[in-house]
Amino acid sequence: MGTYAVTGSASGMGAAVVDRLVGDGHRVIGIDIQQADVTADLSTPAGRRAAAARVLEQAGGVLDGAVLAAGLGPAPGRDRARLIAEVNVLGVTELLEAWQPALAAADRAKVVVFASNSTTTVPLVPGRVVRALRDGDVEKAVGTLRLLGKAAPTFAYAASKTALAHWVRRHAVTPAWAGAGIRLNALAPGAIMTPLLEQQLATPAEARRIKAFPVPIGGFGDADQLAAWVVFMLSDAADFLCGSVVFVDGGSDAWFRATDWPRAVPARHLRRYTGRMKEFRAQRRRT
Ligand code: NAD
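Cut-offs used in this document
Numbering of residues starts from 1 in each chain and follows the order in which that chain's sequence is written. Given that this is a predicted model, residues contribute local features only at a pLDDT of at least 70 and side-chain atom pairs are listed and counted only at 80 or more, while totals for whole chains, interfaces and linings are drawn from all residues. Note: side-chain values were computed over all heavy atoms of the structure, leaving out hydrogens and water. Relative accessibility under 20% of the residue-type maximum defines a buried residue, over 50% an exposed one, and the middle range a partly exposed one, all with a 1.4 Å probe and only protein chains included. Elements are defined by DSSP. Helices are runs of H or I of four residues or more, strands are runs of E of two residues or more, and each kind is numbered from the N terminus. What the arc describes is the spread of directions from the helix axis to the C-beta atoms. Note on contacts: a residue pair is in contact if any heavy atoms of the two residues lie within 4.5 Å. Any pair of nitrogen or oxygen atoms within 3.5 Å is treated as a polar contact; in protein, a donor-acceptor pairing is required on top of that, and neighbouring residues in sequence qualify only through side-chain atoms on both sides. Helix axes use the C-alpha atoms of the stretch in contact, all axes being lines fitted to C-alpha atoms, and the angles between their N-to-C directions lie in the range 0 to 180 degrees. Handedness of a helix crossing follows the sense of rotation of the near helix relative to the far helix, less than a right angle counterclockwise being left-handed and clockwise being right-handed. Residue classes follow a fixed rule: Ala, Val, Leu, Ile, Met, Phe, Trp, Tyr, Cys and Pro count as nonpolar, while Asp, Glu, Lys and Arg count as charged, and any other residue, Gly among them, counts as polar. Among the buried residues, those of types Ala, Val, Leu, Ile, Met, Phe, Trp, Tyr and Cys that are joined through side-chain atoms within 4.5 Å form a nonpolar core. The patch calculation keeps residues exceeding 30% relative accessible area without a salt bridge and links them within 9 Å when they carry like charges or within 5 Å when they are nonpolar (Val, Leu, Ile, Met, Phe, Trp, Tyr). Only the protein chains shown count as cover for residues, with accessible areas throughout obtained via the Shrake-Rupley method and a probe of 1.4 Å. One speaks of a salt bridge when a side-chain nitrogen belonging to Lys or Arg is within 4 Å of a carboxyl oxygen belonging to Asp or Glu. His is not counted here, nor are the chain ends, while Lys and Arg score as positive and Asp and Glu score as negative. Charged side chains are reduced to one point each, which is NZ for Lys, CZ for Arg, CG for Asp and CD for Glu. For a helix, the expected span equals 1.5 Å multiplied by the number of residues minus one. What makes two strands pair is DSSP finding at least two bridges between them.

**Student:** Is there a simple way to explain helix α9 (residues 204-212) in this structure?
**Tutor:** Helical geometry: 3.6 residues make up each α-helical turn, so side chains three or four residues apart lie on a common side. Taken as a whole, α9 has its buried residues at Glu206, Ala207 and Ile210. One side of α9 carries all its buried residues, which in axial view fall inside an arc of 100°. Residues of α9 that are exposed and point more than 90 degrees away from the buried face comprise Pro204, Arg208 and Ala212. Contacts from the buried residues of α9 go to α8 (195-201).

Here it is, written out as structure tokens:
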């Protein structure tokens, strides 16, 4: 049986993951702003530092896995874009950076990060915001988001999850993660019935927009079903899964982008492709 850290453990999909892991006999260290083993506010640097340290202390320096589910949805609000950036991006990346040695100390540790299908189904998300968040520059991201007025939280949310998915794919394949035996992957849910979605549905205009959004199988996803995906991605069966973003969204991503992906490397990216081949060979020679 293993020791797992789960952020966002007090509600929705994080809580459903905790129930399943505990039910399977694992030890779980839950992190949340309320009702958790480690109570911390992941929207502040001090909160993130305290959360990271207290988990390491409670885990005795070895973590078999981590699930990063704490997150804020695109609700309206003056400072919401900044909060989304802090919690959804830095609340994941800073914790994972602090926990990397503890994950490497375990045998075949697994990490699941909650992204979202908003990564591919929200149009016109500014690339500048995604890049700033991917680099951890919240000030720069918020500066651009401020120009977007009322749409800022929606774009902040999609950008935060896209930056996170990129961060996962970038790091998953490096010596510090794949090379240290850690499997790092992301899950990209569609609309799942949790308090986060309920909060969005409480605003009539937002509820109309969500209900009109294309979901080919219809309805909303179930938190416990998503938790089952997480548990699978934490299991030995996922040993060969690395840097993947797994969409569980009732078909919305496929509806919008059926032929965008998978796609062969186009001629204009051939130089980058051969460069990556060389880099990989050089890296293998070094290790
Ligand atoms: P939820 O609101 O039920 O749970 C989120 C949890 O994060 C809560 O327990 C909350 O207290 C915690 N949290 C929020 N701010 C925090 C902070 N500053 N510090 C510490 N903890 C904080 O949401 P959920 O729907 O279960 O979402 C889980 C994850 O899945 C989130 O990252 C969300 O963005 C993502 N997601 C949700 C949906 C959906 O439709 N529900 C879709 C795609 C992705």
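From this point, the discussion proceeds with the structure in view.
**Student:** Would you explain the side chain of threonine 119 in this entry?
**Tutor:** Looking at the element boundaries, threonine 119 is found in helix α4 (residues 118-121). In terms of polar contacts, threonine 119 uses its side chain to reach the backbone carbonyl oxygen of serine 116, at 2.7 Å. Filtering out sequence-adjacent residues up to four positions away, threonine 119 remains in contact with Lys161, Thr162 and Phe247.

**Student:** Looking at this structure, how should I read the packing of helix α2 (residues 45-59) against helix α3 (residues 80-104)?
**Tutor:** Two quantities define a packed helix pair, namely the angle between the helix axes and the distance between the axes. Their axes nearest at 9 Å, the elements α2 and α3 cross at an angle of 35°. Like other packed secondary-structure pairs, α2 and α3 cross with a definite hand, here right-handed. Residues Arg48, Ala51, Ala52, Val55 and Leu56 of α2 form the contact with α3, whose own contacting residues are Glu86, Leu90, Gly91, Glu94, Leu95, Ala98, Trp99 and Ala102. Here the residues of the contact of α2 with α3 sort into nine nonpolar, one polar and three charged.

**Student:** I keep staring at the nonpolar core and nothing clicks. Help me out?
**Tutor:** If you look at soluble globular proteins, the nonpolar side chains tend to sit buried side by side. If you look at the biggest cluster of nonpolar residues, it comprises 33 residues, and the most contacted ones within it are Leu68, Leu96, Trp99, Leu103, Val111, Val113 and Leu184. Elements supplying a minimum of two residues to this core: β2 (27-32), α2, β4 (65-68), α3, β5 (110-114), α7 (152-172) and β6 (183-189). No other element matches α3, which puts six residues into this core. Residue contacts for tryptophan 99: discarding those within four places in its chain leaves Ala5, Thr7, Ile31, Ala51, Ala52, Val55, Leu56, Leu63, Ala66 and Leu68.

**Student:** How should a positive patch on the surface be read in this particular structure?
**Tutor:** On the surface, Lys278, Arg281, Arg284, Arg285 and Arg286 cluster together to form a positively charged patch. We classify arginine 284 as exposed; its relative accessible area is 55%.

**Student:** What's the story with helix α10 (residues 223-234) in this structure? I'm lost.
**Tutor:** End to end, α10 covers 17 Å across 12 residues, agreeing with the expected 16 Å (1.5 Å per residue, within 8%). Regarding α10, the residues found buried are Ala223, Leu226, Ala227, Val230, Val231, Met233 and Leu234. For α10, the angular spread of buried residues about the axis comes to 160°, placing them on one side. Two or three places before aspartate 224, at the start of α10, stands the capping residue aspartate 222, its side-chain oxygen 3.2 Å from that residue's backbone nitrogen.

**Student:** Would you explain the sheet that holds β2 in this entry?
**Tutor:** One open sheet holds the seven strands; their spatial order is β3-β2-β1-β4-β5-β6-β9, and the pairing between them is parallel. For this open sheet the edge positions go to β3 (38-39) and β9 (245-248), each flanked by a neighbour on one side alone. One ladder, built from five bridges, connects β5 with β6; its direction is parallel. The partner of valine 112 across the bridge, within β6, is asparagine 185. α2 rests against β1 (3-7), β2 and β3 of the sheet, and its axis sits at about 165° to β2. The strands touched by α3 within the sheet are β1, β2, β4, β5 and β6, with β4 carrying the most contacts at an inclination of about 175°.

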